[in-house]
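Given next are the chains, with one letter for each unit.
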Amino acid sequence: MNLTLSVPSIGCASCIETITKAIQTVDASAIVTGDAATKSLDIESQLTEVKIRELIVIAGHKVA
């Protein structure tokens, strides 16, 4: 699944790394790219959107 999400709490590259690690703990093959300027993430994963959103929240961020 390819998914683009707006994550307004992203402030820097470190935030993107934290979210990436959280997703990759469940789906090691997931590819996460983010842009701190636009506060968006592009995610390629086998996980459902609901699970991805849940993992982002667990990582301490809010999904729009």
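- As recorded in an unreviewed UniProt entry, the protein goes by Heavy-metal-associated domain-containing protein and comes from Pseudanabaena galeata UHCC 0370.

## A short note on the UniProt feature "domain: HMA" (unreviewed entry) in the protein
Then comes step 1: Within the UniProt annotation, "domain: HMA" (unreviewed entry) is assigned to residues 4–56.
Then comes step 2: Helix makes up 38% of residues 4–56 and strand 25%, with an end-to-end C-alpha separation of 13 Å.

## Digging into the packing of helix H1 (residues 13–24) against helix H2 (residues 49–58)
Then comes step 1: In contact at an axis separation of 9 Å, H1 and H2 are set at 130 degrees when each is read in the N-to-C sense. Taken together, the axes of H1 and H2 lie oblique to each other. Here H1 runs over H2; the crossing is right-handed. On the side of H1, the interface is formed by Ile19, Ala22 and Ile23, while H2 contributes Ile52, Leu55 and Ile56.
Then comes step 2: When its residues are assigned to classes, the contact of H1 with H2 shows six nonpolar, no polar and no charged.

## Regarding the pattern of salt bridges
Then comes step 1: In this structure the tally under the stated criterion is two salt bridges.
Then comes step 2: Among the salt bridges present, the one from Glu54 reaches Lys51, with a minimum N-O distance of 3.1 Å. Of the two residues, Glu54 and Lys51 are both situated in helix H2; the distance of three residues between them amounts to about one turn of the helix.
Then comes step 3: Residue class for Glu54 comes out partly exposed when judged on its relative accessible area of 37%.

## Quick look at the pairing of strand E1 (residues 2–6)
Then comes step 1: Side chains Leu3 and Leu5 of E1 all project onto a buried face; the interleaved residues Asn2, Thr4 and Ser6 project onto a face where none is buried.
Then comes step 2: As paired strands, E1 and strand E3 (residues 40–44) are joined by five bridges and run antiparallel to one another. The residue bridging Ser6 from the neighbouring strand is Ser40, located in E3.

## Let's talk about the pairing of strand E2 (residues 31–35)
Then comes step 1: Sheet analysis places E2 next to E3, joined by five bridges and oriented antiparallel. Residue pairing across strands places Asp35 opposite Ser40, the latter belonging to E3.
Then comes step 2: Linking E2 to E3, which pair antiparallel, is a turn of four residues; within it Lys39 sits at a positive phi near 55 degrees.

Cut-off values and rules
- Residues numbered from 1 in each chain as written.
- Predicted model: local features only at pLDDT ≥ 70, side-chain atom pairs only at ≥ 80, totals over all residues.
- Heavy atoms only, no water.
- UniProt positions renumbered as here; feature names shortened; annotations may be inferred.
- Helix = DSSP H or I, 4+ residues; strand = E, 2+ residues; numbered from the N terminus.
- Axes fitted to C-alpha atoms, helices over the stretch in contact; angles between N-to-C directions.
- Parallel < 35°, antiparallel > 145°, perpendicular 65-115°, else oblique.
- Left-handed = near helix turned anticlockwise from the far one by under 90°.
- Contact = heavy atoms within 4.5 Å.
- Nonpolar A, V, L, I, M, F, W, Y, C, P; charged D, E, K, R; others polar.
- Salt bridge = Lys/Arg side-chain N within 4 Å of Asp/Glu carboxyl O.
- Buried < 20%, exposed > 50% of the residue type's maximum accessible area, 1.4 Å probe, protein only.
- Pairing = 2+ DSSP bridges.

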